[in-house]
Amino acid sequence: MSTHCTSTTEEQRIATGEAHGKAILFGEHAVVYGAPALALPLPELTCRATVRPVTGPGSGGSRLRMVAPGAHGTPRETAGDVPEELALLLLAFAERAGLKTPPALEIHLDSRIPPSRGLGSSAANARALVRALDALCGTGLAEQEAFDLVQVAERSAHSRASGIDALATGSERPVLLADGRARTPSVGAGFHVVVADSGSGGSTREAVGMLRDAFARDPDLRTRFIHRSTGFARAALDDLAAGRLPSLGRRLTDCHRMLAGLGLTTDGTDALARTALDAGALGAKMSGGGLGGCVVALATSAAHAESVSTALAGRTGARTWTAAVPEGAGHDGR
Ligand code: MEV
């Protein structure tokens, strides 16, 4: 098995890996219990990992330098030990690459994804790192292997990780996770989304734990939630395939109400959803773990997205991003 990571000729090598943010359109939380979820890539929100082996006496373990948006979106730099979820990923990678110990590395993560906003920052960090390690060590990881490694970090970061973030942060097309399989759904008419940040972070681990406790107290609530969320996702897939954007939008808004009923929205995300609708969006809902974070709104065209985005930023001061989802045929796998 390759030992490239520690060989003398490789000491000077630097390798990079990339990933991006994501927004969940339908199925967050229910997907943790096996229900379908549909997510979109947000290519503007890039995440790049750069790795450089460090060797010799005193090199010790790996070190991480991280640049990510802080409060108000300004880049903030931190440096220190590798957090537990990425240390576990390095261990799992070493095992896969046949290395006796994880390589000692200088890791630099440069992310434009605001953390704790439901935009997939933790999965994108892990995915970018996996791709950089793969490039450095010439492991030739298959997509499934890369996914499995990202999931090692994701499970450590927020316990029950369904895999939707790990998939969408590496996909160029929308991703449907259903029945344990990832697929590309068919998109009958291209559209745009506007993502707006409420400015307050939500912990996915906390949100997942909150629902787990609520479902333990009331198992019927869990059954009803999974049933309704599955209904939204399946109907949304039909709308998506048929290009019925107004109907897709209405389902988004209905889904926001359902998630609000579970206590997952905040005054901030409720206000953003209302503002997006007032500004003419076809639909709007919170996205991701909730308890803060972002709202995703549906628009028909780039100009429509621009006007919704301008209204959101102007009336609420929110940071916004837009993404285009082009028409395209669906297929199995990604
Ligand atoms: C987080 O982006 C989505 C959740 O459904 C958790 C998961 O699927 O792992 C809340």
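Whatever comes next refers back to the structure up there.
For every chain, the first residue of the written sequence is number 1, and numbering continues from 1 along that sequence. Given that this is a predicted model, residues contribute local features only at a pLDDT of at least 70 and side-chain atom pairs are listed and counted only at 80 or more, while totals for whole chains, interfaces and linings are drawn from all residues. Based on all heavy atoms of the structure, the side-chain values leave hydrogens and waters out of the count.

(A) The overall build of the protein, seen in detail. Starting at the N terminus, helices and strands are each numbered in turn, a helix being any DSSP run of H or I of at least four residues and a strand any DSSP run of E of at least two. Secondary structure summary: the protein contains nine helices and twelve strands in total. In terms of overall dimensions, the protein has a C-alpha envelope of 60 × 40 × 40 Å along the principal axes. Relative to its 334 residues, the protein shows a buried fraction of 53%. Accessible surface area values rest on a Shrake-Rupley calculation with a 1.4 Å probe, where residue burial reflects the displayed protein chains alone. Surface accessibility of the protein: about 13,900 Å² in total, with carbon and sulfur atoms responsible for 50%. Only four residue types enter the tally: Lys and Arg on the positive side, Asp and Glu on the negative side, with His and both chain ends excluded. Where a charge lies is defined by one atom per residue type, namely NZ (Lys), CZ (Arg), CG (Asp) and CD (Glu). Looking at the protein, you have 34 positive and 34 negative side-chain charges, and the mean spots of the two groups are 2 Å apart. Categorising residues by exposure relies on relative accessible area from a 1.4 Å probe, with only protein chains included: less than 20% of the type maximum marks a residue as buried, more than 50% marks it as exposed, and the intermediate range marks it as partly exposed.

(B) Looking closely at the site of the ligand. Every one of the 14 residues lining the ligand counts as a neighbour, but Lys22, His29, Val31, Ser162 and Asp165 are closest to it. We define a polar contact as two N or O atoms separated by no more than 3.5 Å, with the added condition that, inside protein, one atom must be a possible hydrogen donor and the other a possible acceptor, whereas residues neighbouring each other in sequence contribute only through side-chain atom pairs. Contacts to the ligand include Lys22, whose side-chain N or O atom sits 2.9 Å from an oxygen atom. In the model, an oxygen atom of the ligand is placed 2.6 Å from a nitrogen or oxygen of the Ser162 side chain. Protein burial of the ligand: of its 300 Å² of free accessible surface, 99% is covered by the chains. One heavy atom within 4 Å of a molecule or strand makes the whole residue count as near it.

(C) Structural context of the nonpolar core. Among buried residues, those of type Ala, Val, Leu, Ile, Met, Phe, Trp, Tyr and Cys that are joined through side-chain atoms within 4.5 Å constitute a nonpolar core. Membership of the largest hydrophobic core comes to 91 residues, with the highest contact counts inside it found for Phe26, Leu86, Ile107, Phe191 and Phe225. An automatic or database domain assignment supplies the residue ranges for each domain. Split by domain, the residues of this core number at least three in each of domain 1 (3-178) and domain 2 (186-332). By the convention used here, residues are in contact when the closest approach between their heavy atoms is within 4.5 Å. Those residues in contact with Phe225 that sit more than four places away from it in its chain are Glu28, His29, Ala30, Leu211, Phe215, Met258, Leu259 and Leu262.

(D) Region of interest: the environment of Glu327. With respect to the helices, strands and loops of the structure, Glu327 is situated in the loop between strand 11 (320-325) and strand 12 (331-332). Sequence separation of Glu327 and Ser301 is 26 residues, and the distance between their C-alpha atoms is 12 Å. The residues touching Glu327, leaving out its near neighbours within four places in the chain, are Arg173, Val187, Gly188, Ala189 and Gly190.

(E) Examining the pairing of strand 9 (residues 283-287) more closely. Among the five residues in strand 9, five count as buried, and that is most of the element. Sheet analysis places strand 9 next to strand 10 (residues 294-299), joined by five bridges and oriented antiparallel. Residue pairing across strands places Ala284 opposite Ala297, the latter belonging to strand 10. Think of it this way: DSSP has to see at least two bridges between two strands before they count as a pair. Here strand 9 hands over to strand 10 after six residues, with Gly288 in that stretch at a positive phi of 95°.

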